[in-house]
Amino acid sequence: VFTGNFIMPDQVAGGKVYIEPRFELKLYHISIENASHGNVEARDLDGAISLARMGDTVELKATADPDYELSSLTVKDSKGNDVTLTDKGGGLFEFAMPASDITVKPVFTRISHDIRIEIASLDGVSGCGGIVKAFNSSSEQITSASSGEEVTLRAYPDSDFVLSYLNSTPDITLSRKDDIMYTFEMPGEEVLIKAAFELRLMCILGYEPDLSHCHVC
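The structure contained in this document is the topic of the report that follows. As the structure is a computational prediction, the values presented were derived from the model and not from experiment.

## Focus: the overall build of the protein chain
Within the protein chain, the secondary structure is distributed over zero helices and 17 strands. Going through the 217 residues of the protein chain one by one, you find that 29% of them count as buried. Counting only contacts in the protein chain whose residues sit at least 6 apart along the sequence, the fraction spanning at least 24 positions is 64%. Of the accessible surface of the protein chain, which amounts to about 14,500 Å², a share of 48% is contributed by carbon and sulfur atoms.

Right under this line is the structure:
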């Protein structure tokens, strides 16, 4: 609501004063919260914007730092209500500006890549001789890791078995810590670990190893 006043002139043509109001849609603020490892820009057809009118189509462009990705993006009005976003792909999103200031909240997280482990077969039995597990720096078992993260591989041979080889695809450096433990730095892609176990050499005449511990994957 706008309230104003004026001084009536002494002489007016026809003895009347005509008031001609003009209205335009109110501009509302677009606030974008700072985020680690990426940024979001609001824009229209003319470029970057920080204000828009109700009903305007606003585009959001999300750009993540290397090895990171946008994990969530929310837009809320001044009352905390969600504003509907349309995902256009390629880090582009659109929404219709409500009759309210809005806040954009992006969250970027590090990209994780899978770690797959295969155990070579022995005498036609898959996964025989033991298992291999992957752990992070907190000693938590993992199946994926982010680029640059240190991963520890630990072998668990069955009774009468030893780890005979351990390699990876792609070919990365596996640093040997002892007979059953290796570490590597996670690359920016999936890693396949291949391992094999073999029977420990025994010098006992007539000894037959127990194969009941073989793991079927």
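After that view, the rundown keeps rolling.
## Observations concerning the pattern of salt bridges
Evaluated as defined, the whole model comprises six salt bridges. Between R43 and E41 there is a salt bridge, with its nearest N and O atoms 3.8 Å apart. Residue R43 is classed as partly exposed on the basis of its relative accessible area of 25%. What makes E41 partly exposed here is its relative accessible area of 36%.

## Section: the nonpolar core
Generally speaking, a soluble globular protein has its nonpolar side chains buried in company with each other. With 22 residues, the main nonpolar core has I115, V132, V151, L153, L166 and F184 as its most contacted residues. Looking at this core, the elements that each hand over two or more residues are β10 (112-119), β11 (130-135), β13 (150-157), β14 (161-169), β16 (181-185) and β17 (191-199). Sort the elements by how many residues they give to this core and β17 lands first, with four residues. Judged by nonpolar contacts, the second largest core, of 17 residues, contains I30, V40, L60 and V75.

Each value, and the rule that gives it
- Residues numbered from 1 in each chain as written.
- Predicted model: local features only at pLDDT ≥ 70, side-chain atom pairs only at ≥ 80, totals over all residues.
- Heavy atoms only, no water.
- Helix = DSSP H or I, 4+ residues; strand = E, 2+ residues; numbered from the N terminus.
- Buried < 20%, exposed > 50% of the residue type's maximum accessible area, 1.4 Å probe, protein only.
- Contact = heavy atoms within 4.5 Å.
- Areas by Shrake-Rupley, 256 points an atom, 1.4 Å probe, with all protein chains shown as cover.
- Salt bridge = Lys/Arg side-chain N within 4 Å of Asp/Glu carboxyl O.
- Core = buried A, V, L, I, M, F, W, Y, C linked by side-chain atoms within 4.5 Å.

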